[in-house]
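Fold and geometry: a report
These are the residues of each chain, in order.
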There are 2 protein chains.
Amino acid sequence: MTEHERPARTRRRGEELLTAIRAAVLAEVAETGLGRLTMEGIAKRAGTAKTSLYRRWSSPQEVLLDAIHAEHPQETVSPGSDDLRGDLIRALRQLVDWMRSPSAEAAGSIVAERVRHPELARALYERVFEPRGGRFTLTVLRHYAEQGRIDPRLITPVVADIGEALVFKYAMDTHQVPDDAKLAEIVDQAVLPAVGIGPDRPESAAKP
Amino acid sequence: MTEHERPARTRRRGEELLTAIRAAVLAEVAETGLGRLTMEGIAKRAGTAKTSLYRRWSSPQEVLLDAIHAEHPQETVSPGSDDLRGDLIRALRQLVDWMRSPSAEAAGSIVAERVRHPELARALYERVFEPRGGRFTLTVLRHYAEQGRIDPRLITPVVADIGEALVFKYAMDTHQVPDDAKLAEIVDQAVLPAVGIGPDRPESAAKP
DNA sequence: GATTGAAGATACGGCAGCGTAGCTTAAACT
DNA sequence: AGTTTAAGCTACGCTGCCGTATCTTCAATC
């Protein structure tokens, strides 16, 4: 929050400058919201001049788009050991970790205003959500289905969304991300039952 | 969308005027977003003068707050016949019906910008979500738990949220509300399994 | 070390929303 | 009918952001 660096006497160029601008626009949209995102605000926060922004982009939204684009799509989960429950929790924890990042808040603003900025929303889905997997638990579920531990016919679009949906709902209601205990509840009480494992049946009873 | 009524030559007062203003602010926030909500915009759409707005409220947000406040909390579901599955679908359909309303879109804008306008978000939850029940399926689940048809211990906060969470997720992803077929999938594949009723077990096998 | 190109600073007219003031006029009340 | 109240206009100076132009200055390149 003490970002308002003075001219710093070194003149940044190329990638160094771009990085600062991208960080600035993400911070700016998180603070002011997409509706109040402005070239002057971005410039001020990045410690650069409006001119330098207009040299590359023509609107604050395009600056944001660039920043989102530049966010490297991270690698997806590796369903490691033979531990369905643990892998599901880890998958959701990956989602939660991302939700803490600055770009996640920006993503939220975009989704909320998608009616006003359809291109932005589309770019967000194409460049961030889909490459990232989007469905974190799905990877895990498929893995164990291939191993014959759960019935593949149970892995429907709805079932693949249960975990993520509950994480989002929890974040929406409480305005904080679920901790590990909550993730465990979600997995135990909602995801696992949907693929035929308990709450009342022990795991081992799933595939006799 | 042809709201821009000319002065109409009759001068509205009191409740009649208030109603028009409330409708205007809801439409305005749906169209421009909460971040771009403005007194002038509301006034123009309501066909009134800025002066009349400032006479009662001091910011566009307070006008919106008033409009939300004035939205009567609607009655909740009556878990009617002896049909758990049908009642669950009906409960979710109630949610979906609300999500089509103009105030729902306004509510979405507020939730999205809750960081910027905490009072608005709080008012929304206190005056709209909580009185409305907030949890649509919960009412139904409790009803059948009292009748001994499902195990009360299974009705946890997580389980009570499954249906609503999936409806929201679907709306977020596709930007349209789920139809009845989708609601049925949600109930069959996610909600019912969580309260111990198959996908693989028939309903009747739930309480032997 | 000279050249070139982009970064940075400053200034501009234009527009939109702000919040207030002063006034006219229609509607409600007595 | 006369009075009171609020709705409806218009206009004001102020501010923030717009997009552009101009000029200086630093940094990379040759």
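Residues numbered from 1 in each chain as written. Chains lettered and ligands numbered in written order. Predicted model: local features only at pLDDT ≥ 70, side-chain atom pairs only at ≥ 80, totals over all residues. Heavy atoms only, no water.

1. Things to note about the nonpolar core
The biggest cluster of nonpolar side chains holds 130 residues, and the ones touching the most others in it are Leu 64, Ile 150 and Ile 162 of chain A together with Leu 64, Ile 150 and Ile 162 of chain B. Once residues lying within four places of it in the same chain are set aside, the contact partners of Leu 64 of chain A are Val 25, Leu 26, Val 29, Leu 34, Leu 37, Ile 110 and Leu 120 of chain A. (Core = buried A, V, L, I, M, F, W, Y, C linked by side-chain atoms within 4.5 Å. Buried < 20%, exposed > 50% of the residue type's maximum accessible area, 1.4 Å probe, protein only. Contact = heavy atoms within 4.5 Å.)

2. What to know about the relation of the copies chain B and chain A
Of the transformation placing chain B onto chain A, the axial shift is 0.0 Å and the rotation is 180°, giving an RMSD of 0.1 Å. Such a combination of turn and shift is consistent with a two-fold rotation axis. Comparing contact sets, 100% of the residues at the interface of chain B also lie at the interface in chain A, consistent with an isologous, same-surface contact. (Least-squares fit on C-alpha atoms with pLDDT ≥ 70 in both.)

3. Looking at the protein's contact with DNA strand C
Residues in close proximity to DNA strand C total 20 residues, the closest being Arg 13, Thr 48 and Arg 56 of chain A together with Arg 11 and Tyr 54 of chain B. Protein-proximal atoms of DNA strand C, defined as those within 4 Å of the protein, fall in sugar or phosphate at a share of 53%. In this structure, Arg 55 of chain A approaches DNA strand C through a side-chain N or O atom, which is 3.0 Å from a phosphate oxygen. A distance of 2.7 Å is found between a base oxygen of DNA strand C and a side-chain nitrogen or oxygen belonging to Lys 50 of chain B. Among the elements of the structure, α3 (50–54) of chain A together with α2 (39–46) and α3 (50–54) of chain B are those that each provide at least two residues to the surface near DNA strand C. Ranked by residue count, the leading element in the surface near DNA strand C is α3 of chain B, at three residues. (Near = heavy atom within 4 Å. Polar contact = N/O pair within 3.5 Å; in protein donor to acceptor, adjacent residues only side chain to side chain. Helix = DSSP H or I, 4+ residues; strand = E, 2+ residues; numbered from the N terminus.)

4. Points about unusual backbone geometry
Residues and elements named next belong to chain A. Phi angles above zero are rare outside glycine, and His 175 is one such case at about 60°. Position of His 175 relative to the elements: it lies in the loop between α9 (157–174) and α10 (180–194). For His 175, a relative accessible area of 45% translates into the label partly exposed.

5. A look at the packing of α10 of chain A against helix α9 (residues 157–174) of chain B
A pair of packed helices is captured by two measures, namely the crossing angle of their axes and the spacing between those axes. Where α10 of chain A contacts α9 of chain B, the two axes come as close as 9 Å, and the packing angle between them is 70°. The orientation of α10 of chain A with respect to α9 of chain B, classified from their angle, is roughly perpendicular. Residue-level inspection shows Lys 182, Glu 185, Ile 186, Gln 189 and Ala 190 of chain A of α10 of chain A in contact with α9 of chain B, the latter providing Pro 157, Val 158, Val 159 and Ile 162 of chain B. Per-class residue counts for the contact of α10 of chain A with α9 of chain B are six nonpolar, one polar and two charged. (Axes fitted to C-alpha atoms, helices over the stretch in contact; angles between N-to-C directions. Parallel < 35°, antiparallel > 145°, perpendicular 65-115°, else oblique. Nonpolar A, V, L, I, M, F, W, Y, C, P; charged D, E, K, R; others polar.)

6. Some details on the UniProt feature "DNA-binding region" (unreviewed entry) in chain A
Listed under "DNA-binding region" (unreviewed entry) in the UniProt record, and renumbered for this structure, are residues 38–57 of chain A. For residues 38–57 of chain A, the helix share is 65%, the strand share is 0%, and the end-to-end C-alpha distance is 12 Å. (UniProt positions renumbered as here; feature names shortened; annotations may be inferred.)

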